[in-house]
Amino acid sequence: MKHNLYTILLLIAFSVQVNAQDPVFTQSLVVPETLNPGFTGSASAWNAGIIHRRQWPQANRRIDTQYAFANNLVTDNLGIGITVLNQKETFTNYNYFQFNGAVSYRIDLDDNWRLRLGLEGGFGRKDFNFGNLILEDQINPNDGSIAGSSIDPGFLSYNKVNFIDFSFGILVDEENAWFGAALKHLSRPDISFLENGNVPLDLFLSVHGGYYFPLDNSPYAIVPEDSNLLLSFNYMRQSQFNRLDIGTSLEMDMFSFGVIAATNPEGRAKNSHMLTSLNPFVTMRIGEFKFGYSYDINASRFGHSQGVHELTLTWQSSYTCRDCYNYRMKLKDIKY
């Protein structure tokens, strides 16, 4: 019985190497909180949203990931928020859940540029749901019936791993540009499912930025007024894995659309692909809400994966921070 359980754990250990990688979202530009806690409160208003990502929709290898957030700038310089991350794998029954609180502090460098320091931390859990396994002592050899539970005392102790985790981010931004970096899993929590194991969660580094090019001043512009062309990048590294996303999008008042190229700049194997996927996306704004959809088109020889679908819904209040100086000044200017 014990031997069977340990065999299962050894087999699962190979998939733990994959599950140790953090989920990556295509529409991180729509929800930048997924990249860096420095974005907490950067909207200077109540800001909330959710992402649902379905990777490889085929039933036996589907991976579903959800991310939700809410934050606000509560003073001129201080932003606070919460984030929730949940990931579920169909094939392995693996589940990853994390609930964090986030705080950011803004420092004005000059009339244009701002420095934001962000800290995020909270509770995490990785779970393979071993309770669904059937062990030898649960099977009646006489009639083949299944008993309610195993008497193995060590069985449930390997069911889940709980940990405390922290991340730090720095962001520099102005009206038309932003550049930042974030380092996640600073506490290097142990995520081993073995009693005496020691598998520290690998650090996750992200370096990202974007620049808006206004288009309404061009004599050849055929797009609506106040439109912008956004160029962005996001380099990520975790253990031996690396990825560089390069994107461009046309940002208009109500609609925006673009494409992101996911690349593998440091190929470590002979069959590595420089371009791994092309990810077109579109967003639509209705009042205070924004809806987004993206589809990742596989550009490697991974096989028939049916792509990756991602849906976003975000909300940003039209009312800015009540305790901030800028908001109080706006209130004074309102004519009743």
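Since this is a predicted model, take the numbers as computed values, not measurements.

Asks: So what's going on with a negative patch on the surface? Residues and values would help.
Replies: Taken together, D216, E225, D226 and D253 make up a surface patch of like negative charges. In this structure D253 comes out as exposed when scored by relative accessible area, which is 63%.

Asks: Tell me about the side chain of S277, residues and numbers included.
Replies: Following the sequence through the fold, S277 ends up in strand β12 (residues 275-286). Take S277: its relative accessible area is 10%, and that puts it in the buried class. Reaching out from S277, the side chain makes a polar contact with the side chain of N279 at a distance of 3.0 Å. Here S277 is in contact with I260, A261, A262, I297, N298 and A299, once residues within four sequence places are set aside.

Asks: If you had to explain the environment of A48 to someone new, which residues and values would you point to?
Replies: Relative to the assigned elements, A48 resides in strand β1 (residues 45-55). Linking A48 and A68, residues 20 residues apart in sequence, is a C-alpha distance of 7.5 Å.

Asks: Go over the packing of aromatic side chains with me, naming the residues and quoting the values.
Replies: Two numbers describe a pair of aromatic rings. These are the distance of the centres and the angle of the planes. Under the criterion given, the structure shown has 4 aromatic pairs. Relative to W178, the ring of F39 lies with its centre 5.6 Å away and its plane at 80 degrees, an arrangement referred to as edge-to-face. On the criterion of sequence distance, the pair formed by F39 in the loop between α1 (2-19) and β1 and W178 in strand β7 (residues 177-184) is long-range, its members being 139 residues apart. Judged by its relative accessible area of 8%, F39 falls in the buried class. The class of W178 is buried, set by a relative accessible area of 11%. One cation-aromatic arrangement involves K126 over Y96; the distance from NZ or CZ to the ring centre is 4.1 Å.

Asks: Please give an account of the pattern of salt bridges that cites residues and values.
Replies: If you walk through the whole model with that rule in mind, you get 10 salt bridges. Between R53 and E310 there is a salt bridge whose closest N-O contact spans 2.7 Å. In this pair, R53 sits in strand β1 while E310 sits in strand β14 (residues 308-320), placing the two residues 257 residues apart along the sequence. For R53, a relative accessible area of 7% translates into the label buried. Residues E266 and R237 are paired through a salt bridge, measuring 2.2 Å at the closest nitrogen-oxygen approach. With E266 in the loop between β11 (255-263) and β12 and R237 in strand β9 (residues 228-238), this residue pair connects regions lying 29 residues apart in the sequence. Residue class for E266 comes out partly exposed when judged on its relative accessible area of 28%. Ionic contacts of the salt-bridge type, sharing partners, join the residues R53, D296 and E310 into one network.

Asks: Lay out unusual backbone geometry in plain terms, naming residues and giving numbers.
Replies: Note: most peptide bonds trans; most residues except glycine with negative phi. Backbone geometry places S44, a non-glycine residue, at a positive phi of 55 degrees. Among the secondary structure elements, S44 is positioned in the loop between α1 and β1. Judged by its relative accessible area of 23%, S44 falls in the partly exposed class.

Asks: Provide a residue-level description of the pairing of strand β2 (residues 63-73), including the pertinent values.
Replies: Of all 11 residues making up β2, 8 are buried, and the element is well covered by its neighbours. Bridging between β1 and β2 involves 9 bridges; their strand directions are antiparallel. Considered in β2, the bridge of Q55 is made with I63. When β2 meets strand β3 (residues 78-89), the two strands line up antiparallel, connected through 11 bridges. Across the sheet, Y67 pairs through a bridge with L85, a residue of β3. The turn linking β2 back onto β3 is made up of 4 residues.

Asks: With reference to specific residues and values, describe the pairing of strand β8 (residues 204-214).
Replies: On a regular strand, each side chain points to the face opposite its neighbour's, so the side chains alternate between the two faces of the sheet. Pairing of β7 with β8, which is carried by 8 bridges, proceeds in the antiparallel orientation. Bridge pairing in β8 links A181 to V207. Across 11 bridges, the pairing between β8 and β9 is antiparallel. In the sheet register, Y212 faces β9, and the bridge partner there is L230.

Analysis parameters
Residues numbered from 1 in each chain as written. Predicted model: local features only at pLDDT ≥ 70, side-chain atom pairs only at ≥ 80, totals over all residues. Heavy atoms only, no water. Patch = residues over 30% accessible without salt bridge, like charges linked within 9 Å, V, L, I, M, F, W, Y side chains within 5 Å. Areas by Shrake-Rupley, 256 points an atom, 1.4 Å probe, with all protein chains shown as cover. Salt bridge = Lys/Arg side-chain N within 4 Å of Asp/Glu carboxyl O. Lys, Arg positive; Asp, Glu negative; His and termini not counted. Charge placed at Lys NZ, Arg CZ, Asp CG, Glu CD. Buried < 20%, exposed > 50% of the residue type's maximum accessible area, 1.4 Å probe, protein only. Helix = DSSP H or I, 4+ residues; strand = E, 2+ residues; numbered from the N terminus. Polar contact = N/O pair within 3.5 Å; in protein donor to acceptor, adjacent residues only side chain to side chain. Contact = heavy atoms within 4.5 Å. Phe/Tyr/Trp six-rings, centres within 6.5 Å; stacked < 30°, edge-to-face > 60°. Lys NZ or Arg CZ within 6 Å of the ring centre and 35° of its normal. Pairing = 2+ DSSP bridges.

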